[in-house]
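# Coordinate inspection notes
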Amino acid sequence: MTTRTIPTELKVLMNHIYELNKGVRQMVLFTCNKKYGQQAVERLESQGIPYVLQPAGQQNLNVYFGRRECLEAIRLIVTRPLNQLTPEEDFILGAMLGYDLCAQCERYCKRKNGCKGECNGKCDGKCINKN
């Protein structure tokens with residue numbers, strides 16, 4: 001008997017598809033090694049799920065999938081690598097992906113004020129006041 005092992009990345013994809021189909025998510029950003037790109041596309045197409053592909057560095061691929069309305073917005077917003085998005089574009093993307101809204105607001109304020117990473121009080125009071 002031959003058993004075939006499913007790579008962890010594709011198991012993650014299948015879980016995202018399950019959540020999409022159950023209505024837990026409206027849109028997903030799945031990042032995988034390019035070697036799994038074709039398998040990911042085949043799985044999405046076999047289930048009639050719309051998607052958008054975006055290269056992510058030399059080895060990886062960003063696969064956005066979900067509701068068609070969301071993907072149309074992604075085509076307009078994400079026109080370059082994610083690390084080159086404006087703070088506003090980054091905020092919109094995070095909100096569309098269902099990330100914690102308060103965390104997205106904090107991230108937006110830090111990026112807008114020129115803070116890199118965790119401020120830890122080193123941004124001259126520009127970051128969120130914790131009181």
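Located above this text is the structure these notes cover.
In this text, all values refer to a predicted model and were calculated from it rather than measured experimentally.

## A word on helix 1 (residues 8–22)
Its 15 residues give helix 1 an end-to-end C-alpha distance of 21 Å, which sits within 8% of 21 Å, the value for a rise of 1.5 Å per residue. Of the surrounding elements, those touching the buried residues of helix 1 are strand 1 (27–33), helix 2 (37–46) and strand 3 (60–66). Looking one or two residues beyond helix 1, the residue adopting positive phi is glycine 23, at roughly 85 degrees.

## Considerations on the packing of helix 1 against helix 2
Two elements in contact, helix 1 and helix 2, have axes separated by 11 Å at closest approach and are oriented at 25 degrees. Relative to helix 2, the element helix 1 is oriented roughly parallel. Seen from above, helix 1 lies across helix 2 with right-handed handedness. For the pair formed by helix 1 and helix 2, the contact residues are Leu10, Leu13, Met14 and Ile17 on the first element and Gln39, Ala40, Arg43 and Leu44 on the second. Of the residues that constitute the contact of helix 1 with helix 2, the class distribution is 6 nonpolar, 1 polar and 1 charged.

Rules behind the numbers
Each chain carries its own residue numbering, running from 1 in the written order of its sequence. With the structure being a predicted model, the display of local features is reserved for residues of pLDDT at least 70 and the display and counting of side-chain atom pairs for 80 or more, all residues being used for whole-chain, interface and lining totals. Heavy atoms throughout the structure, all of them, feed into the side-chain values; hydrogens and water do not. Where helices and strands are cited, they refer to DSSP runs of H or I of at least four residues and of E of at least two residues respectively, numbered from the N terminus. Expected helix span is taken as 1.5 Å per residue step, with the number of steps being one fewer than the number of residues. Note on contacts: a residue pair qualifies if any of its non-hydrogen atoms lie within 4.5 Å across the two residues. With axes taken as lines fitted to C-alpha atoms, and helix axes fitted only over the stretch in contact, angles between N-to-C directions fall between 0 and 180 degrees. Throughout this description, any angle smaller than 35 degrees is read as roughly parallel, any larger than 145 degrees as roughly antiparallel, any in the 65 to 115 degree range as roughly perpendicular, and the remainder as oblique. Whether a crossing is left-handed or right-handed is set by the direction in which the near helix is turned from the far one by less than a right angle, anticlockwise for left-handed and clockwise for right-handed. In this classification, the charged set is Asp, Glu, Lys and Arg, the nonpolar set is Ala, Val, Leu, Ile, Met, Phe, Trp, Tyr, Cys and Pro, and all remaining amino acids, among them Gly, are polar.

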